[in-house]
Amino acid sequence: MQDFSSGAPIYQQLLDKFLIAIVQGKWEAGGKIPSVRQLALHFGVNPNTVQKSLQELETTGLARSERTTGRFVTDDPGKIEALRKQLALRETRKFTETMVALGLSPPETSRLIEENWPEAKVRTSVEKVDPAQRRSAADKAGDQAEAENKEGEHE
């Protein structure tokens, strides 16, 4: 069950989740998309809502239906790359608006990004690791951070 409390229509929130799944490779290019029933159960929503989201996905050309075998993600890497850039631009605009509202200048914002980029990189790499290996990857990241902190204390 998912939390759909953003105020946007649920079908749009689902569509966003589907788009991210495509960009992240969780739904592989050319791969089969889970059935409407599976997705409705997974997200705890009405199948008609899932159907609407998937129809929107098809309208964008990022998915196609095959009458007897189901829906598939596009196998066009150009469309997936364009989607990745579109999503990145959308998130960048939201972030920029928030930083402006907080009164941060571009240099201050850049500094915050640079200071926190390694943390985001570690989180992302840990999330992509096989679940059986996730703990050891997280431990390694923690060990590295701890070692860096100790080096800083000795200086």
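The structure presented is a predicted model; accordingly, all values stated were derived computationally and were not measured.

Below, the discussion takes up the packing of aromatic side chains. Under the defined criterion, the tally for this structure stands at 2 aromatic pairs. Here Lys52 stacks its cationic end above the ring of Tyr11, 4.1 Å away from the centre of that ring.

As a further point, take helix H4 (residues 77-101). Relative to the 36 Å expected for 25 residues at 1.5 Å per residue, H4 spans 36 Å between its end C-alpha atoms, a close match to the ideal helical length. Buried within H4 we find Ile80, Leu83, Leu87 and Met99. Just beyond H4, the residue with positive phi is Gly103, at close to 80°.

Compared with the 18 Å implied by 1.5 Å per residue over 13 residues, the 18 Å span of helix H3 (residues 47-59) between its first and last C-alpha is a close match. Among the residues of H3, Val50, Ser53, Leu54 and Leu57 are the ones counted as buried. Along the axis of H3, the buried residues cluster in a sector spanning 95°; they form a single face. The exposed set on the far side of H3, more than 90 degrees from its buried face, consists of Asn48 and Thr59. Next to the buried residues of H3 lie helix H1 (10-23), helix H2 (36-43), strand E1 (63-66) and strand E2 (70-73). Following H3 by one or two positions, Gly61 has its phi on the positive side, about 85°.

On to the packing of H1 against H3, then. Direction vectors running N to C along H1 and H3 enclose 50°, while the axes themselves pass 8 Å from each other. When the axes of H1 and H3 are compared, the pair comes out oblique. H1 and H3 meet at a crossing whose hand is right-handed. Between H1 and H3, the contacting residues are Ile10, Tyr11, Leu14, Leu15, Phe18, Leu19 and Ile22 on the first element and Thr49, Val50, Lys52, Ser53, Leu54, Glu56 and Leu57 on the second. Of the residues in the contact of H1 with H3, the class split is 10 nonpolar, 2 polar and 2 charged.

Rules used in this analysis
Residues numbered from 1 in each chain as written. Predicted model: local features only at pLDDT ≥ 70, side-chain atom pairs only at ≥ 80, totals over all residues. Heavy atoms only, no water. Phe/Tyr/Trp six-rings, centres within 6.5 Å; stacked < 30°, edge-to-face > 60°. Lys NZ or Arg CZ within 6 Å of the ring centre and 35° of its normal. Helix = DSSP H or I, 4+ residues; strand = E, 2+ residues; numbered from the N terminus. Expected span 1.5 Å × (residues − 1). Buried < 20%, exposed > 50% of the residue type's maximum accessible area, 1.4 Å probe, protein only. Arc of directions from axis to C-beta. Contact = heavy atoms within 4.5 Å. Axes fitted to C-alpha atoms, helices over the stretch in contact; angles between N-to-C directions. Parallel < 35°, antiparallel > 145°, perpendicular 65-115°, else oblique. Left-handed = near helix turned anticlockwise from the far one by under 90°. Nonpolar A, V, L, I, M, F, W, Y, C, P; charged D, E, K, R; others polar.

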